[in-house]
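Residue-level structural notes
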Amino acid sequence: MTHSLHVPLKGAPVSHVPTLEHEFDLAGLRVIALPPGKAEISYVLKPHIIDVNINAMEFEMAVNSDRLAPSITEANTISWGPPATELQIRTENVDWGLLMEVSPEKVSALFAETSQEVGIPQDFVPYRAAPQAAVLGRHLITHLRFGSPDRLFVEGVSLAILACSLNVARTGTERGGPSIAGIDPRIARAIDYIEAHLGEDLSVAAIAQAAAMSPSWFQSAFRSITGRPVFAYVRERRLARARILLADRRLSLSQIAFACGFSSHSHMTRLFRARYGASPRDMR
């Protein structure tokens with residue numbers, strides 16, 4: 001697999017890529033924790049590139065063109081670049097980000113397992129909302145930066161991010177994720193907050209604060225719009241995310257439970273049995 005990041009930028013100013021110290025190579029898949037700093041690069045993609053954007057970002061980009069255009073993207077988004085795409089980018093990362101290089105063979109194999117009517121993206125897909133991919137990306141960045149990376153954990157979470165990103169690139173929404181178009185924007189913000197923090201210890205107060213509402217009014221409004229109490233909704237989203245992660249048998253059930261915000265492996269198992277009539281182990 002050919003790495004694509006180290007190709008110099010054409011013309012002035014002199015190209016620059018932050019030092020890449022936290023990365024992991026798997027079969028057909030390279031995962032890179034991108035450090036803060038200036039990045040000025042130009043390259044023609046050989047693998048597929050998925051950029052998991054954790055924070056809001058200002059940048060200049062040219063796609064199959066020599067003209068750089070300024071743009072701003074929101075946090076918790078992804079972009080997808082297929083092979084043969086020519087990209088030029090100038091930006092300054094204010095925080096860590098995540099980049100994935102995936103071979104065409106790896107993408108095709110995953111697509112074969114989740115095939116729907118829409119095919120693998122053949123054109124560049126600009127940044128789209130992907131809260132599930134972003135929250136998984138945060139876990140992966142932390143794992144790569146601190147301690148010795150566990151191969152099974154990196155691969156399992158990377159494949160989950162890839163599955164989310166493939167669905168976003170093809171359809172514009174994450175499979176199984178919430179549909180928030182046309183609803184109260186405060187509740188939409190709350191849903192975005194939940195998706196971005198599923199692996200954490202969520203509270204009604206924190207979610208209500210993200211929606212700029214009082215906890216009591218928020219709980220009533222949330223239930224009237226979604227049809228479920230806040231924590232019933234959170235539980236359903238955690239279970240849905242866990243089912244995605246179960247696709248890779250090499251990721252332990254305890255790691256899945258932690259990544260999805262369950263207090264323990266046994267807690268996740270009890271909820272799986274109540275919801276699906278089978279344990280996570282039985283569903284692998």
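Residues numbered from 1 in each chain as written. Predicted model: local features only at pLDDT ≥ 70, side-chain atom pairs only at ≥ 80, totals over all residues. Heavy atoms only, no water.

Next up on the list: helix H9 (residues 265-276). Here H9 contains twelve residues, and its C-alpha end-to-end distance of 16 Å stays within 8% of the 16 Å for a straight helix at 1.5 Å per residue. For H9, the full list of buried residues reads Met268, Thr269 and Phe272. All buried residues of H9 project into a common sector of 100° when viewed along the axis, lining one side. What points out from H9, more than 90 degrees from its buried face, is the exposed set Arg270 and Ala274. For H9, the secondary structure elements touched by its buried residues are helix H7 (230-245) and helix H8 (253-259). Remark: Gly277 follows H9 within two positions and exhibits a positive phi of approximately 75°. (Helix = DSSP H or I, 4+ residues; strand = E, 2+ residues; numbered from the N terminus. Expected span 1.5 Å × (residues − 1). Buried < 20%, exposed > 50% of the residue type's maximum accessible area, 1.4 Å probe, protein only. Arc of directions from axis to C-beta. Contact = heavy atoms within 4.5 Å.)

Attention shifts here to the sheet that holds strand S5 (residues 57-63). Read from one edge to the other, the open sheet built from four strands follows the order S3-S8-S5-S6, with strand pairing classed as antiparallel. Only two strands of the sheet have a single partner each, and these edge strands are strand S3 (37-44) and strand S6 (69-73). In this sheet, neighbouring strand axes are inclined to one another by 20° on average, regardless of whether the strands run parallel or antiparallel. Direction of pairing for S5 relative to S6: antiparallel, over a ladder of five bridges. (Pairing = 2+ DSSP bridges. Axes fitted to C-alpha atoms, helices over the stretch in contact; angles between N-to-C directions.)

The next subject is the pattern of salt bridges. Oppositely charged side chains are able to pair whenever their charged atoms sit close together. Enumeration according to the criterion identifies six salt bridges in this entry. Of the charged contacts, one joins Arg30 and Glu101 as a salt bridge, the two residues approaching to 3.5 Å between their closest N and O atoms. One end of the pair, Arg30, is in strand S2 (residues 29-34); the other, Glu101, is in strand S9 (residues 97-102), and 71 residues separate them in sequence. Taken together, the salt bridges that share partners define one network made up of Glu23, Arg30 and Glu101. (Salt bridge = Lys/Arg side-chain N within 4 Å of Asp/Glu carboxyl O.)

We now examine the nonpolar core. Counting 52 residues, the largest nonpolar core has Leu140, Ile161 and Ile256 as the members making the most contacts within it. For this core, the leading source of residues is helix H3 (residues 151-171), giving twelve residues. Every residue in contact with Ile256, bar those within four places of it in the chain, is listed here: Ala242, Leu245, Leu246, Leu251, Met268 and Arg284. The next biggest cluster of nonpolar side chains, apart from the first, holds 17 residues, and it includes Leu198, Ala221, Val230 and Val234. (Core = buried A, V, L, I, M, F, W, Y, C linked by side-chain atoms within 4.5 Å.)

In this section: the sheet that holds strand S4 (residues 48-53). One open sheet accounts for six strands, arranged S1-S2-S9-S4-S7-S10; its pairing is antiparallel. The open sheet has two edge strands, strand S1 (23-26) and strand S10 (125-129), and neither has a second partner. Pairwise comparison of adjacent strand axes, ignoring direction, gives a mean angle of 15° for this sheet. Summarising the sheet, strand S7 (residues 77-81) and S10 pair through three bridges and their orientation is antiparallel. Pairing of Ile78 across the sheet is with Arg128, part of S10.

Let's shift gears to the pairing of strand S8 (residues 86-93). For a regular strand, the rule is simple: side chains alternate between the two faces of the sheet. Here eight bridges tie S3 to S8, and the two strands are oriented antiparallel to one another. Paired with Ser42 across the two strands is Gln88, which belongs to S8. With five bridges connecting them, S5 and S8 associate as antiparallel partners. Looking across to S8, one finds that Glu60 is bridged to Arg90.

With that settled, consider the layout of surface pockets. Quantified by volume, the largest pocket comes out at close to 440 Å³. Together, 33 residues line the largest pocket, and Leu34, Asp51, Met57, Asn93 and Tyr127 are the ones closest to its centre. Where the lining of the largest pocket is concerned, the elements lending two or more residues are S3, S4, S5, S7, S8 and S9. Ranked by residue count, the leading element in the lining of the largest pocket is S8, at five residues. Of the residues assigned to the lining of the largest pocket, the class counts are 22 nonpolar, seven polar and four charged. (1 Å grid on protein atoms, 1.4 Å probe; cavity = no way out; pocket = protein on both sides within 12 Å on 5 of 7 lines; lining within 4 Å. Points joined across faces, edges and corners; volume = space filled by probe spheres on them. Nonpolar A, V, L, I, M, F, W, Y, C, P; charged D, E, K, R; others polar.)

Another point: the packing of aromatic side chains. By the definition in use, this model includes four aromatic pairs. Measuring from centroid to centroid gives 5.2 Å for Phe222 and Tyr233, while their planes differ by 85°, and the two rings are edge-to-face. Here the residue Phe222 occupies a position in helix H6 (residues 215-226), and Tyr233 occupies one in helix H7, the gap between them amounting to eleven residues. What makes Phe222 buried here is its relative accessible area of 0%. Its relative accessible area of 5% is what places Tyr233 among the buried residues. (Phe/Tyr/Trp six-rings, centres within 6.5 Å; stacked < 30°, edge-to-face > 60°.)

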